[in-house]
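Per-entry structural report
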Amino acid sequence: MSSNFRAANSIDADVDGSGMRIALVCGRFNDHITNRLLEGAENALAVHGVSESDVTIVWVPGAYEVPMAAKALIVNGHADAVVCLGAVIRGETSHYDFVAGECARGIQDVQLETGTPVIFGVLTTENLEQALARSCDDDNKGEESVRTAIEMVNLVRTLSRS
Ligand code: INI
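Residues numbered from 1 in each chain as written. Predicted model: local features only at pLDDT ≥ 70, side-chain atom pairs only at ≥ 80, totals over all residues. Heavy atoms only, no water.

The protein goes by 6,7-dimethyl-8-ribityllumazine synthase in an unreviewed UniProt entry, where it is assigned to freshwater metagenome. As its UniProt record puts it under Catalytic activity (unreviewed entry), the protein is described as follows: "(2S)-2-hydroxy-3-oxobutyl phosphate + 5-amino-6-(D-ribitylamino)uracil = 6,7-dimethyl-8-(1-D-ribityl)lumazine + phosphate + 2 H2O + H(+)". According to UniProt, the comment filed for the protein under the heading Pathway (unreviewed entry) is "Cofactor biosynthesis; riboflavin biosynthesis; riboflavin from 2-hydroxy-3-oxobutyl phosphate and 5-amino-6-(D-ribitylamino)uracil: step 1/2." (UniProt positions renumbered as here; feature names shortened; annotations may be inferred.)

Right, dumping it as structure tokens:
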């Protein structure tokens, strides 16, 4: 079904990351997965024109610590966006729900409090197999998260001008 209605304003931000400062916060817990996410993220940074000199990588013990590092990066002026990379695997922990839930909540809190995009590139999976499948060459949450970060920076910039 098609309609003749045409909104006056339609904004679809681009994914040009040139000149953008991006920080990556990586959880060391399950680093056999987070290193794969980081590789995907780095590939995407290059594809979208982000300079190596504009990228900061910060390692933290686990997903639970990610929001604190993201906030410190932003309030101290280190980044235009933060991409959070982590892996919380249910099979390996009894406190999965606390770690995954608090990480997600913290990330959302930081981006809404600061007005700076903070991207949830944290895998929350039932098992290792699923985590491997979401951190491979064909399907990589790190890569997708960098693209999201760049789009959100451009979107917020566009909205702040219009
Ligand atoms: N941290 C993770 O990033 N992933 C996990 O799967 C995980 N498990 O299984 O417990 C995990 N725990 C550590 C947590 O993030 C904190 O580092 C720790 O609780 C200290 O605050």
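Here we look at unusual backbone geometry
Backbone geometry places N30, a non-glycine residue, at a positive phi of 60°. Residue position: N30 is located in the loop between strand 1 (22-27) and helix 1 (31-47). (Helix = DSSP H or I, 4+ residues; strand = E, 2+ residues; numbered from the N terminus.)

Some remarks on the pairing of strand 4 (residues 118-125)
A large share of strand 4 lies buried, amounting to 6 of its 8 residues. One ladder, built from 8 bridges, connects strand 3 (residues 81-89) with strand 4; its direction is parallel. Across the sheet, the residue bridging to A87 is L123, located in strand 4. (Buried < 20%, exposed > 50% of the residue type's maximum accessible area, 1.4 Å probe, protein only. Pairing = 2+ DSSP bridges.)

Let's talk about the environment of N43
As for its position among the elements, N43 is in helix 1. C-alpha separation for the pair N43 and M152, spaced 109 residues apart in sequence, amounts to 18 Å.

Let's talk about the sheet that holds strand 4
The strand order 2-1-3-4 describes an open sheet built from 4 strands, whose pairing is parallel. Whereas interior strands pair on both sides, the edge strands pair on one side only; in this sheet they are strand 2 (55-60) and strand 4. Direction aside, the axes of adjacent strands within the sheet are offset by 15° on average. In this structure, strand 1 lies alongside strand 3, joined through 5 bridges in parallel fashion. Residue pairing in the sheet places V25 in a bridge with C84 of strand 3. In the packing of helix 5 (residues 141-161) onto the sheet, contacts are made with strand 1, strand 3 and strand 4, and the angle to strand 4 comes to roughly 155°. (Axes fitted to C-alpha atoms, helices over the stretch in contact; angles between N-to-C directions. Contact = heavy atoms within 4.5 Å.)

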